[in-house]
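Architecture at a glance
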Amino acid sequence: MGSIGIFDSGYGGLTILDGIRHLMPEYDYIYYGDNARAPYGTRSFDVVYEYTLEAVQKLFAMGCPLVILGCNTASAKALRTIQQHDLPLLAPDRRVLGVIRPTAEAVGAITHSRHVGILATEGTIRSESYTLEIHKLFPDIEVTGLACPMWVPLVENGEYAKPAADYFVRERIEELLHTDPLIDTIILGCTHYPLLINKIRKFCPPTIEIMTQGGYIASSLKDYLVRHPDMDARLSRGGTVQYFTSESPERFGENASIFLSTSIKVKALSSPPRKGVVRPAPE
C-alpha cells in the first residue's frame, strides 16, 4: 500500500493537490516540490526530462505506485518519454500521469465557438502539447497559445493580488484576444495561474469561460482509479499528506500558505547534481 505522489517544480502543484484532496480526501498523498531548481518553464526539454525523472524516482522510492505530474511544463516536456521509455524499464508496475490530457478532454464540452486560448509558461507553449492533445480529441477546435513569463514571479513573490499585477495580466489577455477574437474558453495551463483568477476575470469578457485545472485533474484521477481497480487497491487510505522540498523547508512552508489555507510541516529532500542525462530520441 502506498501514497499518491504529486510532483511540481515548485508550489503551483499545490493547487492540483488541493483539488484532488477536495474530491478524494480519504487517500494518502506525498507532495514533492523541486523548488531549488525552479522554475522549469524556460528550461530545455532535456533538463526538464532529467529533473522530472529524478523526482518520479524519488516518489517511487517513497512507496508511491502512482505519481501525478502536477506541473504543466513537466507534463509537456517529460511525461511521454517517461511513460514510453523509462517506466517499462524502471517500474513497469507503476504509473505516471500528467495534467494536460485531462484538461484537453474537458475543453470539448465547454467551448461553443470552438476557439480556445492557452495561457501558460514559455516551455509549455513552445512544446505545443495542448494543441496536439486537443487536436487528437477535437480536430475542429482552433487553439491559440500565449506565454505569460511574468505571471509565475507575480504569484511566488506575493504580488498577484496587488494593483501592479494588473498591467501584466491585462497585457496578456488583450494580446490573446486580439490574436483570436473568437476565443470563448481560456485554459490556465500553469498551476500558479489560479491565484490570478480574479485579475484574469477582471480583464476578460464575462462570456469567456476560464478553466483552472484542479477540479478537472481530480475528476480525471477519480475516473482513472475506477477504471483501474488494481491500482486503486494499491493505494493507502489514511487521509494524510506529507510535504517535501528540495529547498528550505521553512521557506517552502511560508510560501505554501499562498496556495493552501492551512499551515504545513515540510521536510527537505535534496536534489542530486546534474548528470547530463540526455532525453532518449523519439522512436
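Higher on the page you've got the structure.
Since the structure is predicted, the reported quantities are computational estimates derived from the model, not experimental observations. (Residues numbered from 1 in each chain as written. Predicted model: local features only at pLDDT ≥ 70, side-chain atom pairs only at ≥ 80, totals over all residues. Heavy atoms only, no water.)

**Quick look at the pairing of strand β2 (residues 29-33)**
Of all the 5 residues making up β2, 5 are buried; the element is thus mostly covered by neighbouring parts of the structure. Of the two faces of β2, the one carrying Y29, Y31 and G33 and the one carrying I30 and Y32 are both buried. Bridge count between strand β1 (residues 4-8) and β2: 5 bridges; the pairing is parallel. Bridge pairing in β2 links I4 to Y29. Running through helix α1 (residues 13-23), the crossover from β1 to the neighbouring parallel element β2 is right-handed. Of the pairings in the sheet, the one linking β2 to strand β9 (residues 241-245) comprises 5 bridges and is parallel in character. (Buried < 20%, exposed > 50% of the residue type's maximum accessible area, 1.4 Å probe, protein only. Helix = DSSP H or I, 4+ residues; strand = E, 2+ residues; numbered from the N terminus. Pairing = 2+ DSSP bridges. Right-handed = clockwise from strand over helix to strand, strands pointing away.)

**A word on the side chain of D184**
Following the sequence through the fold, D184 ends up in the loop between α9 (165-179) and β7 (185-188). For the buried D184, no salt bridge is present, and the opposite-charge side chain at shortest range is R114, 7.6 Å distant. Filtering out sequence-adjacent residues up to four positions away, D184 remains in contact with T111, H112, S113, H115, T207, I208 and E209. (Lys, Arg positive; Asp, Glu negative; His and termini not counted. Salt bridge = Lys/Arg side-chain N within 4 Å of Asp/Glu carboxyl O. Contact = heavy atoms within 4.5 Å.)

**Examining the packing of aromatic side chains**
In this description, a pair of aromatic rings is defined by centroid distance and the angle of the planes. On inspection of all chains with the given rule, the structure shows 9 aromatic pairs. Geometrically, the ring pair formed by F7 and Y32 is tilted, given 5.8 Å between the ring centres and 35 degrees between the ring planes. Residue F7 is found in strand β1, and its partner Y32 is found in strand β2; the two are separated by 25 residues along the sequence. Owing to a relative accessible area of 1%, Y32 belongs among the buried residues under this scheme. Aromatic pair Y31 and F252: ring centres 6.1 Å apart, planes at 45 degrees, arrangement tilted. Here F252 lies in helix α13 (residues 249-256) and Y31 lies in strand β2, a separation of 221 residues in the sequence. Neither Y31 nor F252 differs from the other in exposure class; each is buried. Directly above the ring of Y51 sits R37, whose terminal nitrogen or CZ lies 3.6 Å from the centroid. In this structure, K77 is placed above the aromatic ring of F45, and the distance from its NZ or CZ to the ring centre is 5.2 Å. (Phe/Tyr/Trp six-rings, centres within 6.5 Å; stacked < 30°, edge-to-face > 60°. Lys NZ or Arg CZ within 6 Å of the ring centre and 35° of its normal.)

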